[in-house]
Every structure is written in structure tokens, then in C-alpha cells.
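Fold and geometry: a report
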Amino acid sequence: MAELQIDKNRDRIATYTIQTENDIVLARQYVRFHAKQFGMGIVDQTRITTAVSELFRNMYQYAGGGDVYVDLGDFAGHHALIITCIDQGPGIENLDQAMIDGYSSGAGMGFGLPGAKRLVDEFSIESEINKGTKVQVVKWI
Amino acid sequence: MKKWNDNIDSVLQEKRIPIIKIGDYLIVSIQIDMHDKLAIQLQSQILAEIGKTGARGVLIDISVLEMVDSFIGRMLSGMASMAAIMDAAVVIVGMQPAVAITLVELGLEMPGVDTALNMEKGMEMLEKRLGYTYRKSQ
């Protein structure tokens, strides 16, 4: 899966760092705040908050943390909120497998990545062994 | 910076979610956005309280929770299974519609978890389940 091409009118709204469990809680609350700020309805706010909560937890559990970028931009003709999660962790060995419901390499339930993908409008993931993982999710506004 | 974060964490971990006992029931109202450790802690706190009081039913109010992700969902369904082994029934009450929609889309099933629209209906459900006759005030 390639990186999503989002370059038109892209504005960086915020940057957060995930280092502790409490950072997961704070960052997802900030994401909900931005979703609300840009006029998303309550169900979409809940979808994007839940999706990023899964992604933030993955970063914390598997990579010991990472960085989160919140952008506002145009994507496929839609105004969108774009969340990018970048970690410098061990990377995901088998991306296809990681996207299957119920598959987990760790203590999780295996709904993290496939579940997050279902909750957003566009999803992309890149991973390199021993380098890290980059996940991007897009929710139309 | 690290030192400051550690300090914040230790303060946050002092947060406790109160468990109220009324008759044979335990009532828990989750009023904050829980981090994972707090969710795990609540799970063991409730189970310990069932063991201590011999409660037959647990009502967990999540009406102010703005999201339930796979971790919190798993904590809730795990707790229901564990409580069942300890002969107590768990009813989750007051889930917001947006949370219910998101949980289904996420693909998370919560086997063995009973839900009710509100605290009153949850209480009725528990009483029926435990074979008590529900007494309406006359």
C-alpha cells in the first residue's frame, strides 16, 4: 500500500508524542476535539477517536511510542482530517496478515488495524523491518 | 521531561473508580476516559469486590463514555466472563448510540455481555435473571 497523495491545501494542525499510556488517552481526546472543531458529527467523531486509539496503542505496545501528526487537507475531492502515526519500532513482518481480523502477534485481540481501517474513509500503512511503521488514516469532513 | 511525565503518571494512577454496593448488587459508574492500566485495575477491583461481598449482580454505567475501543471492550467482556464464574451477572448500561455503532464497525463482539438502555432497565434485567420478583411500588 502506497502513501496517500494528499498535498492540496494541507495544513498541519497539531503534533503529539505518544510515550505513556496516558498520552494515548490525551492524544485521542485532542483528535476528538479537532474532529468536532472541523464539524464532524458525533458518530464520525467517535469513529475517528476509536480508530486512532487503536493506532496509538499499537505504537505504544509494539514500538514503545511514536509521533502523531494531525493535518487538514483535500483528499479525493473531499475536505478531510488526516492523522499520521509514525514510529521507529520493529516494523510489521507480514502486513497482509496484520490486516486480517483476529490475527495478533502480541497480547492484543487482533482488531486494531483491520478495525481502525473499517472506521475511516481512507487507510494506508507502510512498514519496514527494524525501521518503523507509518499509518495514515483519513476521515472526510 | 521524562521525570515530569513519570510524576503525572503516578498521580493519574491514584484515580479510583468507586464501586457502590446496594443489596445484592454492585453499581459502577465510569465517568472518565480510562487509560489501559486503569481499565485493568477496575476489572480486578470489581472482581475483588464480588468476592468480598458475595454480590450477585454488577451494573456498569458507561453513559458518559465517549468511546469504547477494543481494549475497553475486551476488558468489559472479560470481566463478564470472570464474574459469571464467580456466580455474578454483569449488565452494561447506557451505551451511547455512536459508541454502539463504532463497536459493531470495529468488529468487536462482546460474548456474554448483557446490555440495557439505562440503569433502571438494567436493574430489572438482573432481578429477572436472578429470579427475584420485581416489586413495583404501588
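Quick note: structure is the one above.
Criteria and thresholds
Residues numbered from 1 in each chain as written. Chains lettered and ligands numbered in written order. Predicted model: local features only at pLDDT ≥ 70, side-chain atom pairs only at ≥ 80, totals over all residues. Helix = DSSP H or I, 4+ residues; strand = E, 2+ residues; numbered from the N terminus. Buried ≥ 20, exposed ≤ 12 C-beta atoms within 10 Å, placed from the backbone. Contact = placed C-beta atoms within 7 Å. Pairing = 2+ DSSP bridges. Right-handed = clockwise from strand over helix to strand, strands pointing away.

Moving on, we get to the overall build of chain A. When its secondary structure is counted, chain A shows four helices and five strands. In chain A, the order of α-helices and β-strands from amino to carboxyl end is β-α-α-β-β-α-α-β-β. Relative to its full complement of 141 residues, chain A shows a buried share of 41%. Put simply, of all contacts in chain A between residues at least 6 apart along the chain, 67% involve residues at least 24 apart.

Here the focus is the pairing of strand β3 (residues 57–61) of chain B. Residues and elements named next belong to chain B. Burial runs high along β3: five of the five residues are buried. Side chains Gly-57, Leu-59 and Asp-61 of β3 all project onto a buried face; the interleaved residues Val-58 and Ile-60 project onto the opposite face, where all are buried too. Bridge count between strand β2 (residues 25–29) and β3: five bridges; the pairing is parallel. Counted as the bridge partner of Tyr-25 is Gly-57 from β3. Sheet analysis places β3 next to strand β4 (residues 89–93), joined by five bridges and oriented parallel. Across the sheet, residue Gly-57 finds its bridge partner in β4, namely Ala-89. Running through helix α3 (residues 70–85), the crossover from β3 to the neighbouring parallel element β4 is right-handed.

Let us now look at unusual backbone geometry. One non-glycine residue, A:Asn130, lies in the positive phi region at around 65 degrees. With respect to the helices and strands, the residue A:Asn130 is situated in the loop between β4 (122–128) and β5 (132–140). Here the phi dihedral of B:Asp87 falls at roughly 65 degrees; this positive angle occurs in a residue that is not glycine. As for its position among the elements, B:Asp87 is in the loop between α3 and β4.

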